[in-house]
Amino acid sequence: MTKNDTPKLESKVVDAATIDRKKTKGQWEMDVRAASVGPDVVDIRKFYGQSKMFTYDPGFTSTASCTSAITYIDGGKGELLYRGYPIEQLAEKSDYMETCYLLLYGDLPNKESKQAFISEINSHTMLHEQLSTFYRGFMRSAHPMAIMVGVVGALSAFYHDSTDINDPAQRQLAAHRMIAKMPTIAAYAYRYSLGLPFPQPQNDLSYSENLMQMMFSVPTEDYEINPVIAKAIDRFLILHADHEQNASTSTVRLAGSSGANPFACISSGITSLWGPAHGGANEAVLKMLDEIGDKKNIGKYVDKAKDKSDNFRLMGFGHRVYKNFDPRAQVMRDSAHEILESLGVNDPRMELAMELEQIALKDPYFIEKNLYPNVDFYSGIILSAIGLPTNMFTAMFAIGRTVGWLSHWKEMLVDPDQKIGRPRQLYVGETRRDYTAVNKRGGRKDGASWSRFWSNKR
Ligand code: ACO
């Protein structure tokens, strides 16, 4: 299969659904469109025009925002498919470059296409020399994700020949550039924090080997690649490569829907990924395990997580879509065992994580709410074992997810149904009122109202 043969997205009308307004009377019939697998959708695009009502769905819990043919999740079964291939098979048998090709171009490459793709990616691994100096504008203490957001956004100021979203060749170039440069950008963010010189990528190495060498090598010594670590990183990247319409991917689609350039769009995805409810959870899990510290404290933290008056949640637990198990978490747990064993690392946090998992899985609160470990629960233990500091974890996630963001960005751009993303709202604020002169306004104590505004109260 070549890149021009990406399967067409079809959604046939197979049924109709009626929306009935009871008191003020009204009935509207909407098309039901079929999915190839998974839930069909009620096509409500004409609903507002006909009924003058919006639908209300904060957090998109029941709303499909697009048609897509990239990734499928069955949350009940705990199934994740990239272009139809189960994640477990890809994690075991594939490699990250193949997975990138699969997500972007719709099918696994043959031997020649794979080699051509790797050579193409390798030809873009270096950063513009002036971009390397751009890092100096950051504090040494900057969080790597802050640097990633800045540097990836700044690519649009350096690579003017790949910002025209209407030119297919420029779209391709931008996508290949970002996949190639992301390890370099992340590794430099890490090295900058340590004050280490920036090494060049080495294109005779695999994607994950190159990432390791750029992170951990020092100019005064030869760097020997540990194949166990390289394999673990590669698997980590595969497991994070895509996850359909999650928060960061939806952010990329939304940013892209206005016609923003690809570098700006991917930078917006990194921003959204950073939050602890999303990709930032891997960092938050390790911080939580460090805070728990000992098995004897687990009960206290489980109780805190159940207490609604406490903002604390068990990080790495729960998922919007998976209500049975996250298949990536299972692979990640096995991988964590493997890497600790082969590196001879005795990380007490692994024991703590397993114990916490067991206790939470037996607790009625977690059972009732279908809260299971997600991909981030064990990933931090792997990354920590291979020597990465906690604040680099989400940057590693961003490297892996870049290809997913790009695949969705491209799919969105060429979708004939695509419009600028512009949700509606249920307005509950003041109705129209007239302006009053400043000396005629009521006594509002400014300081107090400011702090009330920023408090947790609405
Ligand atoms: N610990 C304790 N309670 C939880 C947790 C948790 N980790 N997750 C959800 N709940 C509870 C909520 O309090 C809520 O209870 P309620 O119905 O009594 O109000 C219920 O479970 C449903 O939670 P929501 O927040 O409504 O579920 P949603 O689908 O919106 O959120 C999310 C999913 C954000 C992943 C949530 O489970 C969470 O915050 N988990 C911890 C952070 C985390 O691990 N994020 C990584 C997700 S995977 C990824 O992005 C790669």
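To be clear, the structure that these remarks concern was listed above.
Let me begin by describing the structure that accompanies this report. Since we're looking at a predicted model, the values are computed, not measured. (Residues numbered from 1 in each chain as written. Predicted model: local features only at pLDDT ≥ 70, side-chain atom pairs only at ≥ 80, totals over all residues. Heavy atoms only, no water.)

1. Examining the environment of proline 219
Next up, step 1: Residue placement: proline 219 occurs in the loop between α8 (207-216) and α9 (227-239).
Next up, step 2: Residue class for proline 219 comes out exposed when judged on its relative accessible area of 67%.
Next up, step 3: Separated by 143 residues in sequence, proline 219 and lysine 362 have C-alpha atoms that sit 51 Å apart.
Next up, step 4: Ignoring sequence-local partners within four residues, the contact set of proline 219 consists of Arg191 and Pro197. (Helix = DSSP H or I, 4+ residues; strand = E, 2+ residues; numbered from the N terminus. Buried < 20%, exposed > 50% of the residue type's maximum accessible area, 1.4 Å probe, protein only. Contact = heavy atoms within 4.5 Å.)

2. Digging into helix α13 (residues 298-306)
Next up, step 1: Where α13 is concerned, the buried positions are Ile298, Tyr301, Val302 and Ala305. The arc that holds the buried residues of α13, viewed along the axis, is 100 degrees, so those residues lie on one side.
Next up, step 2: Summarising the contacts, the buried residues of α13 are in contact with α12 (281-292), α15 (348-362) and α16 (364-368). (Arc of directions from axis to C-beta.)

3. Concerning the side chain of histidine 278
Next up, step 1: As for its position among the elements, histidine 278 is in the loop between α11 (262-273) and α12.
Next up, step 2: Assessed through its relative accessible area of 15%, histidine 278 is described here as buried.
Next up, step 3: When near neighbours in sequence (up to four residues on either side) are disregarded, histidine 278 contacts Asn246, Ala247, Ser248, Ser272, Leu273, Asp376 and Arg401.

4. Quick word on the pattern of salt bridges
Next up, step 1: Going through the model one piece at a time under the given rule, you end up with 19 salt bridges.
Next up, step 2: Glutamate 411 serves as the salt-bridge partner of arginine 253, at 2.6 Å between the closest nitrogen and oxygen. One end of the pair, arginine 253, is in helix α10 (residues 247-257); the other, glutamate 411, is in helix α18 (residues 393-413), with 158 residues separating them in the sequence. The same class applies to arginine 253 and to glutamate 411, which are both buried.
Next up, step 3: Salt-bridge contacts for aspartate 347 lead to arginine 349; the nearest nitrogen and oxygen are separated by 3.2 Å.
Next up, step 4: Accessibility expressed as a relative area gives 10% for aspartate 347, which makes it buried.
Next up, step 5: Among the residues examined, arginine 349 registers a relative accessible area of 17% and is labelled buried.
Next up, step 6: Within this structure, Arg33, Asp43, Arg45 and Asp417 form a network of salt bridges that share partners. (Salt bridge = Lys/Arg side-chain N within 4 Å of Asp/Glu carboxyl O.)

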